[in-house]
Amino acid sequence: PHFFLTRHVDATALNTLRAKVRPGIESDKGVKVTHTDILVALVGRVLASHPKMHASWAGNGIRLNQDVNVCVAMAVEDGVVSPAIPQTNLAELGDIAVQRRDLTERARAGKLRPSDISGGNFTISNLGMFSIDAFTAIIVPPQAAILAVGAIADRVVPVDGQPGIRPMMTLTLSSDHRVVDGAQAAVFLKDLVNAIEDPESVL
């Protein structure tokens, strides 16, 4: 029983933060910070305040998960895998970038361990790099939700009552109604949008 919620988000602050932190993290960790890395960090922190969004459907009821383990959907030769970054809400942005790169390289080489793909309780699927504006993603059982992320693109939007150009991004949240209801998912998505539009206050 999926249901879907969509929000259009101004990614100006997201772009600004990436430009600000990228040189330092690249110098310190040897990895380039992506928009996905920042989104993983933000989602992890927002999820910590929304336990139903990272709960699981156990077949006979809802199981709340103590840890926040955000998965990143990755395309591989024969399909899609979703390895998890453990305790995402506690991880620093640079460490998330390092783990994401390591998981991506091992996924493409077919060297993921069972522990890499177990324990995840929320997934992000980003197709922005393929110029996809918006899409709906399929929930990974037994997770309760998945976030689909579209491309960041300049669009004409209202700015202080006048037409303006802003880098906009579309988020589509798929949720399992057995675990979370529409109002709970809407509040989570609202909090996430607020975090994306002011990421420095969260990270």
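Before reading on, note that the structure itself is shown above.
Let me sum up the structure you'll find in this document. (Residues numbered from 1 in each chain as written. Predicted model: local features only at pLDDT ≥ 70, side-chain atom pairs only at ≥ 80, totals over all residues. Heavy atoms only, no water.)

### Observations concerning helix α1 (residues 12-29)
Here is step 1: The end-to-end C-alpha distance of α1, which contains 18 residues, comes to 25 Å, matching closely the 26 Å that a straight helix rising 1.5 Å per residue would cover.
Here is step 2: Where α1 bends most, the angle comes to about 40 degrees, and this point is R22, followed within four residues by the proline P23.
Here is step 3: Of the residues making up α1, those classed as buried are L14, L17, R18 and I25.
Here is step 4: Lining the buried residues of α1 we find α2 (35-47), α3 (93-108), β11 (162-176) and α4 (182-197).
Here is step 5: Just downstream of α1, G30 is the residue with a positive phi angle, here 75 degrees. (Helix = DSSP H or I, 4+ residues; strand = E, 2+ residues; numbered from the N terminus. Expected span 1.5 Å × (residues − 1). Bend = angle between axes of the 7 residues up to and from the residue. Buried < 20%, exposed > 50% of the residue type's maximum accessible area, 1.4 Å probe, protein only. Contact = heavy atoms within 4.5 Å.)

### Overview of the environment of Q87
Here is step 1: Assignment of secondary structure puts Q87 in the loop between β7 (84-85) and α3.
Here is step 2: Along the chain, Q87 and P158 lie 71 residues apart, while their C-alpha atoms are 38 Å from each other.
Here is step 3: Excluding its chain neighbours within four sequence positions, the residues that come into contact with Q87 are D67, V68 and N69.

### What to know about the nonpolar core
A general trend in soluble globular proteins is that nonpolar side chains are found buried together.
Here is step 1: With 45 residues, the main nonpolar core has F122, L147, L171, L173, L192 and I196 as its most contacted residues.
Here is step 2: Sort the elements by how many residues they give to this core and α2 lands first, with 8 residues.
Here is step 3: Grouped together as the second largest cluster of nonpolar side chains are 5 residues, F135, A137, I139 and I146 included. (Core = buried A, V, L, I, M, F, W, Y, C linked by side-chain atoms within 4.5 Å.)

### What to know about the pattern of salt bridges
Here is step 1: Counted according to the given criterion, the structure contains 10 salt bridges.
Here is step 2: When the shortest N-O distance is used, the salt bridge between K190 and D191 registers 3.2 Å.
Here is step 3: On the basis of relative accessibility, which here comes to 39%, the residue K190 falls in the partly exposed class.
Here is step 4: Take D191: its relative accessible area is 25%, and that puts it in the partly exposed class.
Here is step 5: One network of salt bridges, with partners in common, ties together D102, R106, R113 and D116. (Salt bridge = Lys/Arg side-chain N within 4 Å of Asp/Glu carboxyl O.)

### Section: the environment of G182
Here is step 1: Relative to the assigned elements, G182 resides in helix α4.
Here is step 2: Residues G182 and F3, spaced 179 residues apart in sequence, show a C-alpha to C-alpha distance of 7.8 Å.

### Concerning the environment of L5
Here is step 1: Inspection of the secondary structure assignment puts L5 in strand β1 (residues 2-10).
Here is step 2: Given a relative accessible area of 22%, L5 falls into the partly exposed group.
Here is step 3: In this structure, the C-alpha to C-alpha distance between L5 and G182, residues 177 residues apart in sequence, is 8.3 Å.
Here is step 4: Here L5 is in contact with L171, T172, L173, G182, A185, A186 and L189, once residues within four sequence places are set aside.

### A look at α3
Here is step 1: An ideal rise of 1.5 Å per residue puts 22 Å on 16 residues; α3 measures up with 23 Å between its terminal C-alpha atoms.
Here is step 2: All of the buried residues along α3 are L93, G94, I96, A97, R100, L103, T104, R106 and A107.
Here is step 3: On the buried face of α3, the contacting elements are α1, α2, β5 (74-76), β6 (79-81) and β7.
Here is step 4: At the exit of α3 stands G110, carrying a positive phi of roughly 70 degrees.

Everything listed here is a matter of geometry and, on its own, says nothing about what the molecule does.
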